[in-house]
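Inside the fold
Below, each chain spelled out in residue letters.
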Amino acid sequence: MAYKIAVFDAKPYDMATFNKANEAYGFELVYHKEHLDKNNVLLASGTDAVCIFVNAKVDEEVVSKLHSYGVKLIALRCAGFNNVDIAAAARKGIKVVRVPDYSPHAIAEHTLALMLCLNRKVHRAFLRTRDGNFSLIGFQGFDMYGKTIGVIGTGKIGKVATGLFQGLGMNVLAYDLYPDTKWADATGVRYVSLDELYANANIITLHCPLTKETEYLICDESIAKMKEGVMIINTGRGKLIHTRHLIEGLLNGKVGYAGLDVYEEEGAYFYEDHSDSVMTDDVLARLLSFNNVIVTSHQAFFTQEAMSNIAHTTMNNILDFFNGKELKNEVVYNKA
Ligand code: NAI
């Protein structure tokens, strides 16, 4: 009997990659357009596992319902797991697995794309030349070469991104809760305190997970410590930045540029076409009004290679669980 998996937040591109990967696994995949939350958790009844993505909201109530339906596994098809109540899942004996490593290159390269685009105003030049306007007024950028970038979080993505920045001839300052000094010595990266990073970086890029400690890491207090005109890039998680404080910084010029692939309230908008309706999120609307801000729709992961790796790793995780094998990608609840 094939195990039945409810795949939430399923877009045409997810279905295409998952159907192709599933030729090797033979699961019964049931696709749902919505992201899993308390309003639609009933859709998971009668399935063995749920497969979810970044904007699912799996709180204690959802976990309890999944448990009552007999769902045994929550398979995240992403790296971050801040949207799942891991403690509640552990209490109910539901295992949680994720895809910790599908292509750090995809995210690092998108980070670089945002930086270069903002600096050289490619987003504005694209619109200007299409309108027959070939003026350069307002488009002056700066050489990346020789500038200082502050990398917060030097895990898989932060490390790959650092290599790209060094390729441009940038100086890299880094901050991590658990510094990898061997890597830093080998690459010439200097670990510094957050305050030193804020004071010296022309560009700051976020590659740490969203945790209680990192929530609103970028806020009025930290922005005040940064260089005038700093560029802030976030391809991590939306809540790493207090968006209203960022907007204040943009308004008074302290923040010169922001490249955001993630947004704290993205669940209501990202991944869907809302072009036919009025935008009711005033904060997002304000962000989109700045010509020195680029918002992308949590797409940093979205490459062919990453999608294929995500599908295969997710299905392997599910297969290992049902075969009673060791779960190498389990998210283990850590009481401490
Ligand atoms: P990773 O686990 O390899 O690295 C995270 C690093 O952050 C580790 O070195 C860890 O020690 C450090 N860290 C933890 N707490 C910290 C703190 N309080 N302050 C500073 N550093 C801290 O994770 P990876 O693969 O590099 O991903 C990083 C994050 O990027 C993920 O947690 C996820 O939220 C985000 N991401 C975004 C994607 C997108 O499409 N925009 C796709 C994939 C991941």
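Residue numbering note: each chain is counted from 1, following its sequence as written. pLDDT decides what is reported in this predicted model: residues at 70 or higher carry local features, side-chain atom pairs at 80 or more are listed and counted, and totals for whole chains, interfaces and linings draw on all residues regardless. Think of the side-chain values as coming from all heavy atoms in the structure, minus any hydrogens and water.

**Comments concerning the sheet that holds strand β2 (residues 28-31)**
A pair of strands is treated as paired once DSSP finds two or more bridges between them. Working definition: helices are DSSP H or I runs of at least four residues, strands are E runs of at least two. Numbering for both runs from the N terminus. In spatial order, the strands read β2-β1-β3-β4-β5; together these five strands make up an open sheet with parallel pairing. In the strand order of this sheet, the two ends are held by β2 and β5 (95-97), each with one partner. For this sheet, the mean angle separating the axes of adjacent strands, direction not counted, is 20°. Bridge analysis of strand β1 (residues 4-7) against strand β3 (residues 49-52) gives three bridges, and the strand direction is parallel. Across the sheet, V7 pairs through a bridge with C51, a residue of β3. Only the contacting stretch of a helix is used when fitting its axis, a line to C-alpha atoms as for every element, and angles between N-to-C directions run 0 to 180 degrees.

**A short note on the domain arrangement of the chain**
Annotation of the chain at the domain level lists domain 1 (4-102 + 303-323) and domain 2 (104-295). Contacts between domain 1 and domain 2 engage 13 residues on the former and 11 residues on the latter. As a working definition, buried area equals the accessible area (1.4 Å probe) given up by two parts on being put together, with both sides summed. For the pair domain 1 and domain 2, the summed buried area comes to about 1000 Å², and 53% of that belongs to carbon and sulfur atoms. If you sort the residues of domain 1 by the area they bury against domain 2, K11, N55 and N82 come out on top, with a joint share of 39%. Here a salt bridge means any side-chain nitrogen of Lys or Arg lying within 4 Å of a carboxyl oxygen belonging to Asp or Glu. The tally of links between domain 1 and domain 2 comes to one salt bridge. With a shortest N-O distance of 2.9 Å, E272 and K11 are connected by a salt bridge. A 3.5 Å cut-off defines polar contacts: any pair of N or O atoms within that distance qualifies, except that in protein one atom must be a possible hydrogen donor and the other a possible acceptor, and neighbouring residues in sequence count only when both atoms are side-chain atoms. Along the contact surface separating domain 1 from domain 2 lie two residue pairs in polar contact (both at pLDDT 80 or more). Domain borders in the structure are assigned automatically or taken from a domain database. The contact rule is simple, with two residues in contact once any of their heavy atoms fall within 4.5 Å.

**Examining the UniProt feature "domain: D-isomer specific 2-hydroxyacid dehydrogenase catalytic" (unreviewed entry) in the chain**
Taking the UniProt record as the reference, the feature "domain: D-isomer specific 2-hydroxyacid dehydrogenase catalytic" (unreviewed entry) is found at residues 5-331. Along residues 5-331 one finds 37% helix and 15% strand; the C-alpha atoms at either end are 19 Å apart. UniProt positions are given in the numbering used here, feature names are shortened, and annotations may be inferred rather than shown by experiment.

**Concerning the side chain of H32**
Looking at where H32 falls in the secondary structure, it is placed in the loop between β2 and β3. The buried category is assigned to H32, whose relative accessible area is 12%. Ignoring sequence-local partners within four residues, the contact set of H32 consists of A6, V7, F8, D9, A10 and L43. The cut-offs for exposure are 20% and 50% of the maximum accessible area for each residue type, with area from a 1.4 Å probe on protein chains only; residues under the lower value are buried, those over the upper are exposed, and the others partly exposed.

**Observations regarding the packing of aromatic side chains**
Here is the rule: rings of Phe, Tyr and Trp (six-membered ring for Trp) pair when centre to centre is within 6.5 Å. Planes less than 30 degrees apart are stacked, more than 60 are edge-to-face, and the remainder are tilted. On inspection of all chains with the given rule, the structure shows nine aromatic pairs. Measuring from ring centre to ring centre gives 5.7 Å for F53 and Y271, while their planes differ by 45°; the resulting arrangement is tilted. Here F53 is found in the loop between β3 and α2 (60-68), whereas its partner Y271 is found in the loop between β11 (255-260) and α11 (282-289), with 218 residues between them in sequence. Like Y271, F53 is buried. A network of ring pairs unites the aromatic residues Y13, F53, Y271, F301 and F302 as a single cluster.

**Here we look at the environment of E23**
Relative to the helices and strands, E23 resides in the loop between α1 (12-22) and β2. In this structure, the C-alpha to C-alpha distance between E23 and V50, residues 27 residues apart in sequence, is 19 Å.

**Considerations on the packing of helix α4 (residues 104-120) against helix α6 (residues 156-167)**
Two elements in contact, α4 and α6, have axes separated by 8 Å at closest approach and are oriented at 50°. With respect to each other, α4 and α6 are oriented oblique. Handedness of the crossing formed by α4 with α6: right-handed. Residues P104, H105, I107, A108, E109, T111, L112 and M115 of α4 form the contact with α6, whose participating residues are K156, I157, V160, A161, L164 and F165. Angular relationships are summarised with four words: roughly parallel below 35 degrees, roughly antiparallel beyond 145, roughly perpendicular across 65 to 115, and oblique for the angles in between. What makes a crossing left-handed is the near helix being turned counterclockwise from the far one by less than a right angle; a clockwise turn instead makes it right-handed.

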